[in-house]
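Listed below, chain by chain, are the residues.
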Amino acid sequence: MVLQKKTAFLTVALFGALWLWGCKSGETEKITSIEQLNNPAYTIGVPEGGAGMYMAEKYLPKAEHKTFSGNSSGYLAISQGKLDGFVYDRVMMEFAIASGLEGVEILEENLGESMDVAVGISPKSRIDNLKEKVNQFLAKAKAEGTLDDMYDRWVSRAEGTMPEIPAPQMPDCKLKVGTTGTVQPFSYYEGTTLTGYDVELIYRFGAWLNAEVEIKIYDYDGIIAAAQAGDIDCIMANLNATEERRKHIEFSDCVYPSVTAVMVRSQQGSGTEAGKIYETLSDFEGARFAALIGGVYDKLLQEVIADAVSGSMSITEEREKKVDFADSHYDSAMVLLVRDAGGAVQKNGFFAGLEDSFQSTFVVEGRWRLILQGLGITILISVFSGIFGLCLGFGLCMLRRTGCRPVQWFGAVFVRVIQGMPIVVFLMILYYGIFGSVDISEILVAVIGFSINFAAYSSEMMRTGIETVDKGQSEAALAMGYTKSQTFFKIVFPQAAINFIPVLKGEFISMVKMTSVVGYIAVQDLTKVSDIIRSRTMEAFFPLIVTAVIYFAVANVMTAALSFAERKASPKRNKRRIKGVCM
Amino acid sequence: MADKYESQSIISIRHLRKEYPNVTPLRDVSVEIKKGEVVSVIGPSGTGKSTLLRCINLLERPTKGVITVDGVIATDKKCKVNLVRKKMGMVFQSFNLFAHKTIIENIMMGQVDLLGRSRQEAYDRGMELLRTIGLGDKALAYPDELSGGQKQRAAIARTVAMEPEIILFDEPTSALDPTMVGEVLSVIRSLAMQGMTMMIVTHEMKFARDVSTRIFYMDQGEIYEDGTPEQIFEHPKRERTRIFIRQLKVLHVEKISRDFDFPAFTTQLEEFGRRQQLSQRQIYAMQLAAEEVLMQKLLPAAGEAGDMDISLDAEYSERENLAQMRFSYGGPSFHPFGSGEDLSGRVIKGMSKETEHMFSNGVNHFIISI
């Protein structure tokens with residue numbers, strides 16, 4: 001009793017301390033300049049490897065740095081108050097805010113100098129002199145004004161329309177390009193189609209090179225490794241040509257210079273519940289928008305306001321949704337604006353919000369198709385890995401049961417090695433290492449990786465399952481005159497199966513969930529797809545919950561299927577009758 | 001003549017030896033088993049009885065020796081062991097029914113897979129067997145739904161269904177509740193009456209005596225004594241057989257000399273008596289007998305006659321509630337109390353049921369029954 005009380009007290013004390021700590025971190029003063037952040041009390045998010053990281057290390061060395069591999073996770077972290085600042089490319093952050101990222105603003109001053117965005121070149125590319133070719137192409141595009149035009153269309157005016165670029169009829173070679181697919185406006189998904197500045201650049205380069213283009217999707221932390229391993233010929237993913245990256249891969253000439261800015265939390269919500277109410281358009285000139293001047297957003301805003309005044313706003317459905325979203329949090333003036341344009345807004349309350357989220361996650365741009373594709377790939381990888389893994393596992397298990405010591409030893413070591421390695425690491429070794437220079441589908445690599453992984457686990461389960469079958473029964477079978485293999489397949493294995501199927505079922509389901517890491521090797525499974533959608537909707541909760549629900553459903557359907565097999569294998573659950581006999 | 005003998009013997013074992021890294025359960029076994037014989041193998045635990053059986057059907061590979069089954073040399077490397085095994089059924093101590101099959105399927109499986117019978121034939125034969133052993137209504141039960149006795153009967157039916165030339169029983173009743181032993185033994189007994197050749201490792205002495213035509217007493221890794229039940233149970237020729245058959249408990253001391261630590265031995269004797277749950281009077285009588293014979297008679301005599309190589313067995317037969325002190329010693333024939341009644345002689349006579357002195361092959365035996 002005393003102990004329980006003590007424990008309870010400690011628990012309460014601990015939670016109390018956490019709460020206080022949470023409050024304290026929530027009450028930091030408003031950040032208005034970059035220099036303020038250069039303080040150990042502040043946590044800033046930095047993107048892995050890019051210009052942001054470089055600049056943050058150079059100019060904000062004192063702050064606590066937290067590394068993010070994707071920009072969207074960084075955005076979510078700062079909007080939820082887990083960070084005090086997020087250092088990233090200004091253009092992209094402006095787009096994120098335009099897409100509905102809330103509770104943040106961008107500081108006006110730039111962090112450090114501008115940095116080149118360039119095309120990363122794989123040292124292992126099978127295209128000769130790729131770097132020179134890229135540079136020639138860039139020089140030509142620059143000279144013809146194509147690059148400026150592209151920047152203007154995609155970035156400055158945010159039109160988001162891809163021009164018609166004819167693919168070469170008789171390609172000379174194949175060009176594999178890596179990009180991210182999660183960074184608006186450079187490389188992102190519109191529905192199920194990949195689009196953006198970089199994607200246009202990829203197609204244009206492919207056309208110029210007379211090459212058949214294949215685009216692969218990576219996170220920033222995987223893309224360099226992929227180029228290094230020769231999985232892709234080049235990277236067009238608004239990649240900053242940092243010193244660190246130059247050590248690993250080569251870079252072309254500058255495509256355009258990027259500037260780094262700092263995103264901080266805006267103080268709205270810390271005062272009155274609703275914040276300041278904007279009544280007229282002139283209220284927009286307040287502090288909130290001061291941070292946005294000079295980039296894209298002001299232009300976008302001007303365009304929107306102008307359209308509203310003229311009454312002929314031609315905004316996309318998506319953008320409408322986003323402004324709509326802004327409405328309930330930001331300002332009444334926006335409401336007026338959108339009402340003029342679309343007519344139907346005014347959605348408040350939990351269920352309305354849910355409906356909005358549903359719309360933006362599933363319906364807009366036909367994103368359900370993307371989800372369906374991802375789901376298909378998840379199921380494909382799971383099912384095939386399950387089948388192959390089981391066969392391979394059986395083989396492994398047999399290896400370990402042979403009389404030959406070295407073979408047993410090999411089996412044991414193999415199982416140990418695989419079990420002792422995180423599956424992500426194993427997949428990356430397979431993809432970037434073993435199959436690095438082989439032209440092989442990443443889905444196949446995933447299937448191979450998970451098959452081997454599943455084999456290691458299932459072989460152990462089969463082995464213990466087989467060992468639990470009492471030896472006397474095999475002796476009895478042998479004594480009757482069955483051969484060793486007959487004994488194994490007729491007597492031992494059927495009973496072992498009854499033992500190991502329930503455990504195997506659990507292992508298989510956990511493998512289904514583990515497949516969520518295949519995004520690391522450029523497979524667009526369910527999880528990766530939800531990342532892609534999140535990078536567009538800037539919403540954390542709904543897509544994640546949806547993903548969880550889908551995994552839950554898939555896992556349960558598969559469990560049911562395996563339970564069916566389990567019932568089949570277990571004789572006692574079946575009706576008692578003897579087949580092929582007239583009783 | 002030799003041919004005839006060969007054709008009669010179903011199993012012939014020559015110099016069979018089985019070694020494990022630490023123990024050698026079978027040292028040297030040579031024996032012939034003829035058709036129609038019911039051989040019971042008895043003997044203390046750990047003397048290689050089960051190992052012998054398991055070697056015969058090659059569940060254990062013999063280290064040395066030749067086993068011939070029905071004219072086929074089973075220990076030959078090229079021999080198809082599974083074909084040899086088809087001729088020999090085996091019934092195990094732990095039943096070893098296939099847990100994932102019903103009883104009738106257990107009996108059908110081998111017939112269908114190995115004898116090539118149709119499922120219907122196998123089923124009919126199986127049901128017939130089950131009915132004769134009284135398990136007709138358990139055909140569709142699974143092994144774990146049966147009692148131990150029922151399981152063992154089913155296992156016997158499974159073996160019989162394979163129509164073997166000989167059935168090896170490896171302690172078929174040892175894992176059973178005493179109440180279930182009878183039902184299993186009666187099934188084995190009826191098989192014996194049908195003329196089935198059998199080899200039974202058992203601890204059921206009465207059963208072995210009733211049902212067998214031949215008994216092997218196994219001890220120390222060999223067939224120590226081989227004979228008819230009458231021979232083995234009534235007139236065992238050899239010492240260990242006698243001890244085993246009479247279920248004797250023995251305390252053995254040898255090389256007793258003048259330096260013998262008698263007080264320590266007295267304590268040993270007392271412990272032995274306690275362990276065998278002898279009465280205090282019996283223990284006292286044993287101690288007294290040892291003291292009078294050794295201290296008063298044999299050791300003084302040994303002093304005169306030189307080394308007499310005295311040894312002593314204190315024996316207790318639980319079955320007969322009889323304790324015996326068996327002294328043996330060398331030298332000329334010498335009855336400790338032969339030279340008239342002295343005090344010791346009267347003491348011994350007073351507390352013993354009888355005394356006996358024998359002299360053979362230069363060894364004296366003096367036995368005091370208490």
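Small disclaimer: the values here were computed from a predicted structure and weren't measured.

### Things to note about the confidence of the model for chain A
Residue and element names in this part refer to chain A.
Here comes step 1: Mean pLDDT for chain A: 77, with 80% of residues reaching 70 or above.
Here comes step 2: Note on residues 268-300: pLDDT is under 50 here. Beyond four places in sequence and across chains, it has 53 contacts.
Here comes step 3: Counting interchain partners and residues more than four positions distant, the pLDDT-below-50 stretch residues 302-347 has 66 contacts.

### Structural notes on the pairing of strand 8 (residues 187-190) of chain A
Residues and elements named next belong to chain A.
Here comes step 1: Here two bridges tie strand 7 (residues 182-183) to strand 8, and the two strands are oriented antiparallel to one another. Across the sheet, residue Val 183 finds its bridge partner in strand 8, namely Ser 187.
Here comes step 2: Taking the residues that link successive antiparallel strands as the turn, the strand 7-strand 8 hairpin has three residues.
Here comes step 3: Note: strand 8 against strand 9 (residues 193-195), three bridges, orientation antiparallel. Within strand 9, the residue paired with Tyr 189 across the bridge is Leu 194.
Here comes step 4: Connecting strand 8 to the antiparallel partner strand 9 that follows it, the hairpin turn spans two residues, and Gly 191 within it adopts a positive phi of roughly 65 degrees.

### Some words on empty space enclosed by the protein
All names here are of chain A.
Here comes step 1: In the structure shown here, the tally under the stated rule is seven cavities of 30 Å³ or more.
Here comes step 2: Put simply, the largest cavity is a space of about 140 Å³.
Here comes step 3: Along its surface, the largest cavity is lined by 16 residues, and Pro 47, Gly 50, Tyr 88, Tyr 220 and Asn 240 are the ones closest to its centre.
Here comes step 4: Going through the elements one at a time, helix 3 (51-59), strand 3 (85-89) and strand 11 (234-240) are the ones with two or more residues in the lining of the largest cavity.
Here comes step 5: The element that contributes the greatest number of residues to the lining of the largest cavity is strand 11, accounting for three residues.
Here comes step 6: Residues that form the lining of the largest cavity fall into these classes: six nonpolar, seven polar and three charged.

### A few points about helix 20 (residues 471-480) of chain A
Here comes step 1: Buried residues dominate helix 20 of chain A, accounting for eight of its 10 residues.
Here comes step 2: Where helix 20 of chain A is concerned, the buried positions are Gly 472, Gln 473, Ser 474, Ala 476, Ala 477, Leu 478, Ala 479 and Met 480 of chain A.
Here comes step 3: On the buried face of helix 20 of chain A, the contacting elements are helix 21 (484-514) of chain A together with helix 3 (81-86), strand 6 (88-91), helix 4 (103-114) and helix 6 (148-161) of chain B.
Here comes step 4: If you check the start of helix 20 of chain A, you find a side-chain oxygen 2.8 Å away from the backbone N of Gly 472 of chain A, and it comes from Asp 470 of chain A.
Here comes step 5: Of the residues flanking the end of helix 20 of chain A, it is Gly 481 of chain A, one or two places downstream, whose phi is positive at about 120 degrees.

### With respect to the sheet that holds strand 6 of chain B
All names here are of chain B.
Here comes step 1: As summarised here, the arrangement of the six strands in space is 6-7-8-3-9-10, forming an open sheet in which the pairing is mixed. Sheet topology places strand 6 and strand 10 (222-227) at the edges, where each strand pairs with a single neighbour. Looking at each pair of strands side by side, their axes are set apart by 20 degrees on average, direction ignored.
Here comes step 2: In the sheet, strand 7 (residues 166-170) pairs with strand 8 (residues 197-201) via five bridges, with the strands oriented parallel. When the sheet's bridge partners are listed, Asp 170 is paired in strand 8 with Val 201.
Here comes step 3: Against the sheet, helix 6 contacts strand 6 and strand 7, and its axis sits at roughly 175 degrees relative to strand 6.

Reading the values: the criteria
Residues numbered from 1 in each chain as written. Chains lettered and ligands numbered in written order. Predicted model: local features only at pLDDT ≥ 70, side-chain atom pairs only at ≥ 80, totals over all residues. Heavy atoms only, no water. pLDDT = per-residue confidence, 0-100. Contact = heavy atoms within 4.5 Å. Pairing = 2+ DSSP bridges. Helix = DSSP H or I, 4+ residues; strand = E, 2+ residues; numbered from the N terminus. 1 Å grid on protein atoms, 1.4 Å probe; cavity = no way out; pocket = protein on both sides within 12 Å on 5 of 7 lines; lining within 4 Å. Points joined across faces, edges and corners; volume = space filled by probe spheres on them. Nonpolar A, V, L, I, M, F, W, Y, C, P; charged D, E, K, R; others polar. Buried < 20%, exposed > 50% of the residue type's maximum accessible area, 1.4 Å probe, protein only. Polar contact = N/O pair within 3.5 Å; in protein donor to acceptor, adjacent residues only side chain to side chain. Axes fitted to C-alpha atoms, helices over the stretch in contact; angles between N-to-C directions.

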